[in-house]
Each structure stands twice: as C-alpha cells, then as structure tokens.
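One-letter residues, chain by chain:
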Amino acid sequence: MYLPSFRFLATALIATACPVVGYSQNVLFIGNSFTMGLGGTATLATPSGVGSIFEALATDASHSANVQMIAFPGYDLETHATSGSPAINAIINGYGGQDWDAVVLQEFSTYATDASSGGNVASFQNALSTLATTISFNNPSADVVLYETWARDAGHSIYNSGQFTGPADMQQQVSFHYGEAETYLESSIPGLGADDVHVANAGSTWGQFQHSDCSDDIDLYDSDSYHGSDHGYYLSALEIFRTIYDEPTTGLTNVFDTISTTEAHCLQKVVEANYEAVPEPSSAVLAILAGAVFATRRKRA
C-alpha cells in the first residue's frame, strides 16, 4: 500500500499538465468508447468522437488539424498494440502519407489503477511501450499524448465491491499511473524524451469540475455513471487541446447545440484552473521522484 502523503506528492508532480508546445496538424486518436464518445449523443454521431470535438476547437483557434480515430468499444491498448491491428497500421501509414504530429492514447478505464483495485498496470505499460516505439520509429517528430480517463461517478456499483473507497480514490490511482507511464515512456523508449510525452489530465479535470461553481447545472456523465455526456467529452477535448497546443481554451466554440455558450465557458474555466493549479516540475525533480517510485515498488515486491 502506498503511503498517502507520498502518493499525493507523486500524483501532483508526475501527472502535472505538461504541454506539447507546437502546432500539431495530423493527430491520431486511439482508444475505446471513451474516445468514441459513447453516451454523448452528439459526440458519438461525429466521425472521430472526442477527436472531432478537438478538431472543431482547433479550427476555431485558427489551426488546421487533420484527425483520425481508431477506437472500438471495450478495447484496451494491448489489443490496439497487436501486430497488424488497425491502430498499428494507422501509426505506420500516417495521415495521407504524412507523419503524425501527435498520437493520443487512451487506456481501458480501470487498467491504470492498483492491482489491489483490479488494475492491470503491466498491460498498460507493455502496450504503451509497443505503441510508443512504433510511433517514434515511424513518426520521429510526433508527440505521444496520454488521454487520462476519469473515475466512475459517485453511486456507481464499482464502489460497492470495495475496489475503491470512492471517486476520489479511483481518480487518484488513475492519475498516478498515467503520470508514472509518462515518466516510464520518457526514460525507456528510444527517440522519446521529456518534451515528447505528455498527459492530458482529462480525468483530473473531471474531478476538479465536481467542486466548481457550475457542477450543479452540468452533468459530465451519461445515465450509466460511467461514460460521458456531450459535456463530459467536450471537457476532455478541451484538456487535450490545451495539452497539444499550449493555448488557453477560453472563448472557444461550444461545438454542439447540446452545450450552451454559458456552459462551454464554465467548462473552459475549469480546464484553465486545473491547468494552472500545480507548477510544472523540473526534469530533475521528476527523475528523483520516478526513482523513488520504482524503488518503493521493488521493496514492496
């Protein structure tokens, strides 16, 4: 079991928003229903789900993003990482013969949690290793963006099993392991460094939203307390936009008629507050902390 104080420090430092500085044109999204937008009526009807929202935001900000999505319900990254899979082929082939500028990877929503909570971090990291190696080899200038998922809503049956004490516990675990994965890829994949791998802290932003002024008026979840609503996927796309372009989201289009301008501004405000909440740590601090994390893991083993 992690010491709570150490866990909090690791989550805060490793999983801090770490922007991709640049103007990505070709962006590939790989994931499952959380990327497709299942539960969001308008989102699911688009060609690329969350990627389509991102594309609309980029266009509104005077960028020209070309987006492709490879996502299937229930898929984990290990399935996507299989040789000859649609995801692997898309990474290799690029967009219209051009390299990808960024590849957004989203894992099965419970895998990036502790083993005691039913997680499968080994599968998560092994799949990321395969995918990131393929990305780096075939698209040398591409950034890897880890699309952090969110905890189930309060009242979901997953909390009846004792896997997690509640949404805050689940989100803390997810955020920790996404941050850990970022450090793992930066240190182990040839061609990738601290400026090439980034976490889009969508799940953390969902958690922060619950404490915002407009949380009583907007529901990020679908009726299953698991998938997102159009508002939830819009919030995720804002976070991904913020990560890739390193630009404020304030004033961007609301994209869908299901989201009012007022609601969009509120969601943008939460993204900006979460983005600025914790200063980005230096590479030296990350290296020291990462060493402490893995040393602690070896001692527990």
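Data block above holds the structure.
Note that the coordinates shown come from a computational prediction; the quantities given were computed from them, not determined experimentally.

Please give an account of the overall build of the protein that cites residues and values.
Along the protein, the regular secondary structure elements total 12 helices and 5 strands. For the protein, buried positions account for 57% of its 301 residues. Put simply, of all contacts in the protein between residues at least 6 apart along the chain, 75% involve residues at least 24 apart. For the protein, the exposed area adds up to about 12,100 Å²; of that, 53% sits on carbon and sulfur atoms.

So what about the pairing of strand β1 (residues 26-31)? Which residues, and what values?
When a strand is regular, its side chains alternate between the sheet's two faces. For β1, the tally of buried residues reaches 6 of 6 residues, placing the bulk of the element in the interior. Of the two faces of β1, the one carrying Asn 26, Leu 28 and Ile 30 and the one carrying Val 27, Phe 29 and Gly 31 are both buried. Taken together, the 6 bridges between β1 and strand β2 (residues 66-71) define a ladder with parallel strand orientation. Bridged to Ile 30 within β2 is Ile 70. Pairing analysis gives 4 bridges linking β1 to strand β3 (residues 102-105), with the strands arranged parallel. Paired with Ile 30 across the strands is Leu 105, a residue of β3.

Provide a residue-level description of the packing of aromatic side chains, including the pertinent values.
Applying the stated rule across the entire model yields 13 aromatic pairs. For the ring pair Trp 150 and Tyr 233, a centre distance of 5.9 Å and an interplane angle of 70 degrees mean the geometry is edge-to-face. With Trp 150 in the loop between β4 (143-147) and α8 (167-188) and Tyr 233 in helix α10 (residues 230-245), the pair connects residues that are 83 residues apart, well separated along the chain. Looking at Tyr 233, the relative accessible area reads 0%, which means it is buried. Taken together, Phe 34, Tyr 147, Trp 150, Trp 206, Tyr 221, Tyr 226 and Tyr 233 form an aromatic cluster joined through their ring pairs. The positively charged end of Arg 242 is found above the aromatic ring belonging to Tyr 275, 3.9 Å away from the centroid.

Tell me about the sheet that holds β4, and name the residues and values.
In space, the 5 strands of this open sheet follow the order β2-β1-β3-β4-β5, with parallel pairing throughout. Whereas interior strands pair on both sides, the edge strands pair on one side only; in this sheet they are β2 and β5 (197-200). Within the sheet, the average angular offset between the axes of one strand and its neighbour, ignoring direction, is 20 degrees. Contacts from helix α7 (residues 121-138) reach β3 and β4, with the element oriented near 170 degrees to β3.

Account for the side chain of Arg 152, with residues named and values stated.
Structurally, Arg 152 can be placed in the loop between β4 and α8. Asp 224 is the oppositely charged side chain nearest to the buried, salt-bridge-free Arg 152, at an N-O distance of 7.8 Å. There is a polar contact of 3.0 Å between the side chain of Arg 152 and the side chain of Ser 109. Discounting chain neighbours no more than four positions away, the residues touching Arg 152 are Ser 109, Thr 110, Ile 158, Tyr 159, Pro 167, Met 170, Tyr 221, Ser 225 and Tyr 226.

Give me the lowdown on α8, citing residues and values where you can.
The end-to-end C-alpha distance of α8 is 31 Å, a good match for the 32 Å that 22 residues give at a rise of 1.5 Å each. Counting buried residues in α8 gives 16 out of 22 residues, a clear majority hidden from the surface.

The rules behind the values
Residues numbered from 1 in each chain as written. Predicted model: local features only at pLDDT ≥ 70, side-chain atom pairs only at ≥ 80, totals over all residues. Heavy atoms only, no water. Helix = DSSP H or I, 4+ residues; strand = E, 2+ residues; numbered from the N terminus. Buried < 20%, exposed > 50% of the residue type's maximum accessible area, 1.4 Å probe, protein only. Contact = heavy atoms within 4.5 Å. Areas by Shrake-Rupley, 256 points an atom, 1.4 Å probe, with all protein chains shown as cover. Pairing = 2+ DSSP bridges. Phe/Tyr/Trp six-rings, centres within 6.5 Å; stacked < 30°, edge-to-face > 60°. Lys NZ or Arg CZ within 6 Å of the ring centre and 35° of its normal. Axes fitted to C-alpha atoms, helices over the stretch in contact; angles between N-to-C directions. Lys, Arg positive; Asp, Glu negative; His and termini not counted. Salt bridge = Lys/Arg side-chain N within 4 Å of Asp/Glu carboxyl O. Polar contact = N/O pair within 3.5 Å; in protein donor to acceptor, adjacent residues only side chain to side chain. Expected span 1.5 Å × (residues − 1).

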